[in-house]
Amino acid sequence: MSTIDNNGTGPVQGPEETMRAVAGLAREVEALRMAVEAVSPLPEQVRVLHDEVAPLPEQVSKLAKVVKTLAEQANPDGDGGKTRPLSWLDLDDGEDVVGDPAEAAQETLEDLSVWLRRVFLRYRDAAAALPECWWWHPDVVEELVCLMRSWLAAYVDKDATVGRAADWHDRYRPGAVKRIKNATANCSLEAHLADGEHHRPAAPVPAGLALAPIALWWGEDRESTAPEPDQQLIDEARAAEAARRRNGGVRR
C-alpha cells in the first residue's frame, strides 16, 4: 500500500509497489538483451554476404568478355549482329581450304568448351547426360555447336528476343540433352580405346591440349579411325569422377 510522505506532497511506494516496479524493469532489461542477441550475428552475416557479392562484378565482366568473344567469332563480319550457323560435321577438312583446318577445329572446340563451362553444365540434367568422351562423338559435337549458336542468337544478337530465349530453354536445350544422352549412353573414354569395354559416364570439359588430337584428326584426316585417348586423360577423368562421387555428384 502507499503512504503519504512527511511533507504531505505525494504518495510513497510501499514494498509491494517497489517489487512490482523492479520486476517490470527486469522484464524490460531481459527483452532488450534478447533483442540485442537477435541482431548480434548481423555484422558477421553482412561480412559474409559482402565476401560473396564482392567477386560478382568481376565474374560478370569475365562472362561478358567470353560472350562477346563467342559472338564475334560466330559473326566475324558484324552483319547486323546475327549469329551464323556452323556445322562441325561439315567443317573444312583440308581440301581447297585457306589456312589450317586443324586450327579451325581446335578453335571451335575451345570456344565450345568455354561455353559448356559457363552455360550448358550449369543445368543438372545436362551435366548428367554429357559423357566424358563427348568430343570423340562428332554427332554430339554437332549438337553442342548448334545449341551454343542458338543460345548466342537468343541472348547476344542485336535482334535477340525473350521468345527466342524461351524457345531455347523449353525446346532446344532439353531436346539436345535428350539426344546426347541417347547417343552416348554408358560411353566412356575407355570405350574409345582399341580394346575398351568400360562404360562410366561423367561430364568433364577438357582443356585445349586435350582437345588437340581430335581437332587434328577432324581437321585433316577424319576419314581414318579417331585417335585413342591417352592414359593421362583417362587417369584425370577417373580422378574427377571419384571426386564427384565423394561430393555426391549426379550420375546417370
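Refer to the structure above for everything that follows.
These numbers were taken from a predicted model, which means no experiment stands behind them.

**Considerations on the overall build of the protein chain**
(1) Moving on: Per the secondary structure count, the protein chain includes nine helices and two strands.
(2) Moving on: For the protein chain, the α and β elements follow one another from N to C terminus as β-β-α-α-α-α-α-α-α-α-α.
(3) Moving on: When each of the 252 residues of the protein chain is scored for burial, the buried share is 32%.
(4) Moving on: Contacts in the protein chain between residues far apart in sequence, at least 24 positions, make up 71% of those at least 6 positions apart.

**Section: the packing of aromatic side chains**
(1) Moving on: A full pass over the atoms with the stated rule returns nine aromatic pairs.
(2) Moving on: Ring geometry for Tyr-123 against Trp-168: centres 6.2 Å apart, planes inclined by 55°, an arrangement best described as tilted. With Tyr-123 in the loop between helix H4 (101-118) and helix H5 (124-129) and Trp-168 in helix H7 (residues 162-183), this residue pair connects regions lying 45 residues apart in the sequence.
(3) Moving on: By relative accessible area, which is 0% here, Trp-168 ends up buried.
(4) Moving on: Taken together, the aromatic side chains of Trp-115, Phe-120, Tyr-123, Trp-151, Tyr-155 and Trp-168 make up a single cluster linked through ring pairs.
(5) Moving on: Over the ring of Tyr-123 we find Arg-173, and its NZ or CZ is 4.0 Å from the ring centre.

**Section: the pattern of salt bridges**
(1) Moving on: With the rule as written, the count across this model stands at six salt bridges.
(2) Moving on: Glu-132 is the salt-bridge partner of Arg-238, the closest N and O atoms lying 2.4 Å from each other. With Arg-238 in helix H9 (residues 231-246) and Glu-132 in the loop between H5 and helix H6 (138-155), the pair connects residues that are 106 residues apart, well separated along the chain. Each member of the pair Arg-238 and Glu-132 is classed as buried.
(3) Moving on: Arg-238 is the partner of Glu-190 in a salt bridge, and the nearest nitrogen-oxygen pair spans 2.5 Å.

Conventions used here
Residues numbered from 1 in each chain as written. Predicted model: local features only at pLDDT ≥ 70, side-chain atom pairs only at ≥ 80, totals over all residues. Heavy atoms only, no water. Helix = DSSP H or I, 4+ residues; strand = E, 2+ residues; numbered from the N terminus. Buried < 20%, exposed > 50% of the residue type's maximum accessible area, 1.4 Å probe, protein only. Contact = heavy atoms within 4.5 Å. Phe/Tyr/Trp six-rings, centres within 6.5 Å; stacked < 30°, edge-to-face > 60°. Lys NZ or Arg CZ within 6 Å of the ring centre and 35° of its normal. Salt bridge = Lys/Arg side-chain N within 4 Å of Asp/Glu carboxyl O.

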